[in-house]
Amino acid sequence: MPESIKKLSYFEGKIVPESEANINIKTHALQYGTTVFGGIRGYYDSSSDNLYVFRILDHYRRLVNSTRIMQLQCNKTPEELRDITLDLLKQSGYRRNVYLRPFIYTSALQLSPRFHDVPTELAIYVLELDDYLDTKRGLTTMVSSWRRFDDTVIPTLSKVSGGYVNSALAKSEAVQNGYDEAIFLDGRGFVSEGSAENIFLVRDGKIITPSIASSLLEGITRRSVLQIAKDLGYEVIERDITRSELYISDEIFFSGTGVQIAWVSEVDKRKIGTGEMGPITKKLQSTFFDLVVGKNQNYKHWLTPVY
């Protein structure tokens, strides 16, 4: 079937051509980073000729929770946000992998940085996206000199755009020094996450990941990996991780909506394990890529078909 794509976005209460979804340069959110957002994947399966959105309600529950934490006005339920998104995708006509960016932003044309008593708008745009980072080759990483902000500075469980200045600093430092990605330590000096990904270690057959007390964003893909790993019979431990423990891990991998599941071959010039993708990472990655296109019935409830 030939594909006919319309470049559409949801903007100011309606679906419009992407070129018409524009904001005024005085917009409050543009000045102060007072926006909460999400990142959602849609995976196309050619055998069923359908686009499956991954854990859409979980993403929108987190977005609504972000507005509560940040005192932003939000008059939509997760279910209403889901329905708007599905309508947008149907009208757009995508039959390929996509990335959705919904965000709720302070839309007033005024000064004064604050969250309360400022009107908001909802916007959603769609991008064609396969791999954000290469999931086939090992990623080289460095521990960033920038620390991950903690919950007493900016709420870490809210995906708020202003906090991503921290991520941008770490990512630029890593890439400008010849690495693919950065790894944050939290304010206490324990491992937190990547610049925009959660992190997992494997040691002696056990999967280890920092807890939410380590200033990380509670990722939807992270939550999925935890469940898949337990279903596969692996022991999963959430605890503090020291920097030096990274160097002696058997395997390291990132998880996230953008990165999906991507393995790490090197941290601070130290080879991780054999320098190849480890068996546990490989099993989790293959299971994940099967389930997001509906090939694993155990996780069908995580998928919402568009067509």
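Residues numbered from 1 in each chain as written. Predicted model: local features only at pLDDT ≥ 70, side-chain atom pairs only at ≥ 80, totals over all residues. Heavy atoms only, no water.

Chemist: Teacher, can you tell me more about the packing of aromatic side chains here?
Modeler: Both the distance between ring centres and the angle between the ring planes are used here to describe each pair of aromatic rings. Inspection of every chain in the model, using the stated rule, returns 8 aromatic pairs. Judged by centre distance (6.3 Å) and plane angle (70°), the rings of Phe103 and Tyr125 are edge-to-face. Within this pair, whereas Phe103 is found in strand β6 (residues 98-106), its partner Tyr125 is found in strand β7 (residues 120-128), the two being separated by 22 residues in sequence. Between the aromatic rings of Phe200 and Phe253, the centroid separation amounts to 4.9 Å while the plane-to-plane angle is 5°, which identifies the pairing as stacked. Linking Phe200 in strand β11 (residues 198-203) with Phe253 in strand β14 (residues 251-256), this pair joins segments that are 53 residues apart in sequence. Phe253 shares its class with Phe200; the two are buried. Among the aromatic side chains, those forming a connected cluster through ring pairs are Phe54, Phe288, Phe289, Tyr299 and Trp302. Here the basic side chain of Arg55 rests over the ring of Trp302, its NZ or CZ set 4.3 Å away from the ring centre. It is Arg95 that lies over the ring of Tyr307; its NZ or CZ is 4.2 Å from the centre. (Phe/Tyr/Trp six-rings, centres within 6.5 Å; stacked < 30°, edge-to-face > 60°. Helix = DSSP H or I, 4+ residues; strand = E, 2+ residues; numbered from the N terminus. Buried < 20%, exposed > 50% of the residue type's maximum accessible area, 1.4 Å probe, protein only. Lys NZ or Arg CZ within 6 Å of the ring centre and 35° of its normal.)

Chemist: It is not clear to me how helix α3 (residues 78-92) should be interpreted in this structure. Could you clarify?
Modeler: For an α-helix, the turn length of 3.6 residues means that residues three or four places apart are oriented alike. Along its 15 residues, α3 runs 21 Å from first to last C-alpha, staying within 8% of the 21 Å computed at 1.5 Å per residue. Within two residues after α3, Gly93 carries a phi angle of roughly 80°, on the positive side. (Expected span 1.5 Å × (residues − 1).)

Chemist: Just to check I follow, could you spell out a nonpolar patch on the surface for this structure?
Modeler: A grouping of Ile23, Ile25 and Leu30 is seen on the molecular surface, where their side chains present a nonpolar patch of about 340 Å² in accessible area. Residue placement: Leu30 occurs in helix α1 (residues 28-32). On the basis of relative accessible area, Leu30 is assigned to the exposed category, the value being 53%. (Patch = residues over 30% accessible without salt bridge, like charges linked within 9 Å, V, L, I, M, F, W, Y side chains within 5 Å. Areas by Shrake-Rupley, 256 points an atom, 1.4 Å probe, with all protein chains shown as cover. Salt bridge = Lys/Arg side-chain N within 4 Å of Asp/Glu carboxyl O.)

Chemist: When you look at the domain arrangement of the protein chain in this model, what are you seeing that I'm missing?
Modeler: One can read the domain layout of the protein chain as domain 1 (8-128) and domain 2 (139-293). Residue-level contacts link 23 residues of domain 1 with 21 residues of domain 2. Approximately 1,900 Å² of surface area, both sides summed, lies buried where domain 1 meets domain 2, with 62% of it carried by carbon and sulfur atoms. In this structure, the connection of domain 1 to domain 2 is made through 1 salt bridge. Note that Arg223 is salt-bridged to Asp58, the shortest N-O span being 3.6 Å. Counting residues per element, the side of domain 1 that touches domain 2 draws most heavily on helix α2 (residues 56-70), which supplies 6 residues. Tallied by class, the residues present in the side of domain 1 that touches domain 2 amount to 11 nonpolar, 7 polar and 5 charged. (Domains from an automatic or database assignment. Contact = heavy atoms within 4.5 Å. Buried area = accessible area lost by both parts, 1.4 Å probe. Nonpolar A, V, L, I, M, F, W, Y, C, P; charged D, E, K, R; others polar.)

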